[in-house]
Amino acid sequence: MIDAGFYLSATAAVVWLIVLLLPWRPWSVKEVLEADPSGYEQADLSDVTVVIPARNEEEVIGRTLAALEHQGQGLNVIVVDDESTDRTLSIILESNLQALKVVQSDSLPAGWTGKLWAQEQGLKQVQTPYTLLLDADIALRPGMIKSLKDKQSSESVNFVSLMAVLRFDSFWEKLLMPAFVFFFKMIYPFALANRPDSKFATAAGGCIFVETDVLRQIGGMASIKDALIDDCTLAKTVKSAGYKTWMGLTHGVLSQRPYGTLRDIWDMVARTAYTQLYYSVTLLLICTVSMLIMYCLPSFGLFYFQGGAALLSILVILLMVLIYSPVLRFYEFNPAWGLALPLIASLYLLMTWTSAIRYWKGERSRWKGRVYQKI
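Basis of the calculations
Residues numbered from 1 in each chain as written. Predicted model: local features only at pLDDT ≥ 70, side-chain atom pairs only at ≥ 80, totals over all residues. Heavy atoms only, no water. Helix = DSSP H or I, 4+ residues; strand = E, 2+ residues; numbered from the N terminus. Rg over C-alpha atoms; globule rule 2.2 N^0.38 Å. Buried < 20%, exposed > 50% of the residue type's maximum accessible area, 1.4 Å probe, protein only. Contact = heavy atoms within 4.5 Å. Areas by Shrake-Rupley, 256 points an atom, 1.4 Å probe, with all protein chains shown as cover. Lys, Arg positive; Asp, Glu negative; His and termini not counted. Charge placed at Lys NZ, Arg CZ, Asp CG, Glu CD. Disulfide = S-S within 2.5 Å. Pairing = 2+ DSSP bridges. Axes fitted to C-alpha atoms, helices over the stretch in contact; angles between N-to-C directions. Parallel < 35°, antiparallel > 145°, perpendicular 65-115°, else oblique. Nonpolar A, V, L, I, M, F, W, Y, C, P; charged D, E, K, R; others polar. Expected span 1.5 Å × (residues − 1). Bend = angle between axes of the 7 residues up to and from the residue. Left-handed = near helix turned anticlockwise from the far one by under 90°. Patch = residues over 30% accessible without salt bridge, like charges linked within 9 Å, V, L, I, M, F, W, Y side chains within 5 Å. Salt bridge = Lys/Arg side-chain N within 4 Å of Asp/Glu carboxyl O.

Here the focus is the overall build of the protein chain. In terms of helices and strands, the protein chain carries 14 helices and 10 strands. Taking 21 Å as the expected radius of gyration for a compact globule of 375 residues, we find that the protein chain reaches 22 Å, a close match to that expectation. Referenced to the eigenvectors of the C-alpha coordinate spread, the extents of the protein chain come out at roughly 75 × 45 × 40 Å. Burial analysis of the protein chain (375 residues in total) assigns 57% to the buried set. Within the protein chain, contacts between residues separated by at least 24 positions form 79% of all contacts whose residues are at least 6 apart in sequence. Accessible surface, the protein chain as shown: approximately 16,500 Å² in total, 59% of it carbon and sulfur. In the protein chain, 33 side chains carry a positive charge and 34 a negative one; their mean positions are 6 Å apart.

This part is about the state of the cysteines. This model, assessed by the stated rule, comprises 0 disulfides. Between Cys232, a free cysteine, and Cys207, which holds the nearest cysteine sulfur, the sulfur-to-sulfur gap is 14 Å. Unpaired in this structure, Cys287 has its nearest cysteine sulfur neighbour in Cys296, at a distance of 11 Å.

One open sheet accounts for 8 strands, arranged S3-S2-S1-S4-S7-S6-S8-S5; its pairing is mixed. Strands at the two margins of the open sheet, each flanked by one partner only, are strand S3 (100-104) and strand S5 (138-140). Recorded for the sheet is a direction-independent mean angle of 30 degrees between the axes of neighbouring strands. Both strand S4 (residues 130-134) and strand S7 (residues 207-211) contribute to a ladder of 5 bridges, which runs antiparallel. Note on S7: the bridge partner recorded for Thr131 is Val210. Along the sheet face, helix H4 (residues 114-123) touches strand S1 (48-54), strand S2 (76-81), S3 and S4 and points at about 145 degrees away from the line of S1.

Here we take up the packing of helix H6 (residues 171-187) against helix H14 (residues 341-360). Across the interface, H6 lies against H14 with an axial gap of 10 Å and an inter-helix angle of 75 degrees. If you check the angle between H6 and H14, you find them roughly perpendicular. Contacts from Trp172, Leu175, Leu176, Met177, Ala179, Phe180, Phe182 and Phe183 in H6 reach Leu341, Ile344, Ala345, Leu347, Tyr348 and Met351 in H14. Partitioning the contact of H6 with H14 into residue classes produces 14 nonpolar, no polar and no charged.

A separate point is the pairing of strand S8 (residues 245-255). S8 sits mainly inside the fold: 9 of its 11 residues count as buried. Of the strand pairs in this sheet, S5 and S8 are connected by 3 bridges, and their pairing is antiparallel. Within S8, the residue paired with Leu140 across the bridge is Val253. Of the strand pairs in this sheet, strand S6 (residues 159-165) and S8 are connected by 6 bridges, and their pairing is parallel. Pairing of Phe159 across the sheet is with Thr245, part of S8.

In this model helix H13 (residues 308-330) runs 34 Å from its N-terminal to its C-terminal C-alpha over 23 residues, within 8% of the 33 Å that 1.5 Å per residue would give. If you look at H13, its biggest bend is around 40 degrees, right at Tyr324, and the proline Pro326 turns up within four residues after that. Directly beyond the C-terminal end of H13, a positive phi value near 65 degrees is found at Glu332.

One way to put it is that H6 packs onto helix H10 (residues 262-270) with a least axis distance of 10 Å and a crossing angle of 20 degrees. As the angle between them shows, H6 and H10 are arranged roughly parallel. Judged by the sense of rotation from one axis to the other, the crossing of H6 with H10 is left-handed. Mapping the contact onto sequence places Trp172, Glu173, Leu176, Met177 and Phe180 in H6 and Leu262, Ile265, Met268 and Val269 in H10. Residue composition of the contact of H6 with H10, by class: 8 nonpolar, no polar and 1 charged.

This part is about a nonpolar patch on the surface. On the surface, Phe300, Leu302, Phe303, Tyr304, Leu311, Ile314 and Leu318 cluster together to form a nonpolar patch covering roughly 810 Å² of accessible area. For the nonpolar patch, the secondary-structure elements that each account for two or more residues are helix H12 (281-304) and H13. A per-element tally of the nonpolar patch places H12 first, with 4 residues. Locating Leu302 in the fold gives a position in helix H12. Look at Leu302 and you get partly exposed, because its relative accessible area is 36%.

So, to be careful, I would describe these as geometric facts and stop short of saying anything about function.
Right under this line is the structure:
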């Protein structure tokens, strides 16, 4: 007689097989744009303005600006100091960038998130055809802006976004951060988002290269002023307006922000996890059941199921590792890290529940000393 364990294991196997065979292959790493260091010194970037919002970023802003010195000629840079209370402003003023403009942010108006308000003020100063929205902690490898510009012109893409390489220094970063990219790609498949005939869109807010007129046409950041997941919301707004978007991976965009402890990563994920579920209890429960079946059940079955159910559990674990391995290899990790995916998924699920509990207590998100209350 076939027991419940077999049916549960079979369900997990079917789900992973579907993921493996999806035509848009959310687990693959084929959407890639790397920095082009050849001849970047002579590249004319006078038609590009980098807009950087900075709030208490003294640990990273210096390296971010220094990296922009190795992109090409004539690059314009606008940094919006968002009421920093540390040495951020003084470090910005020490930069050697030739075309650097510093904007002192006005106080945050009601209904805006801090990053979007800072970007909006920076965008008002942009006078070039192209804008690069860059986070304060993002360092670009030489020639990265040249590659972004070439991608835009060669494929007539109005909006290009790249997923930054996250830090992998501490144990917790090694364990959890590659999976952050993996889960992001599973939720927001790049290949599907990059299809012009698809309404689906996604982006990573750390690095977005966009035609300035496109931002003007959609109403600037005011059109998404209260968005917590501002990158994906911006991409969706741009694509809904009829423009072409593209999202990819790279080794040329580097995040300097450390998440050295489990608590750091926990708070980072909990900041927007429930927002991604549209604050829906139903979606939270569906997410919980799905992750338990896909990631946790196979490990449980490996030790507690017998016969065919146990064999299916082994098959599911192998499928899981196989599907996770392209992301691990892209970041030069041993695929054996995939065996930890059940533990990793369990931690991310708990972070999502933390996000939901904070929301139920009245807090939408928190960042850099600002708390955004439940609407």
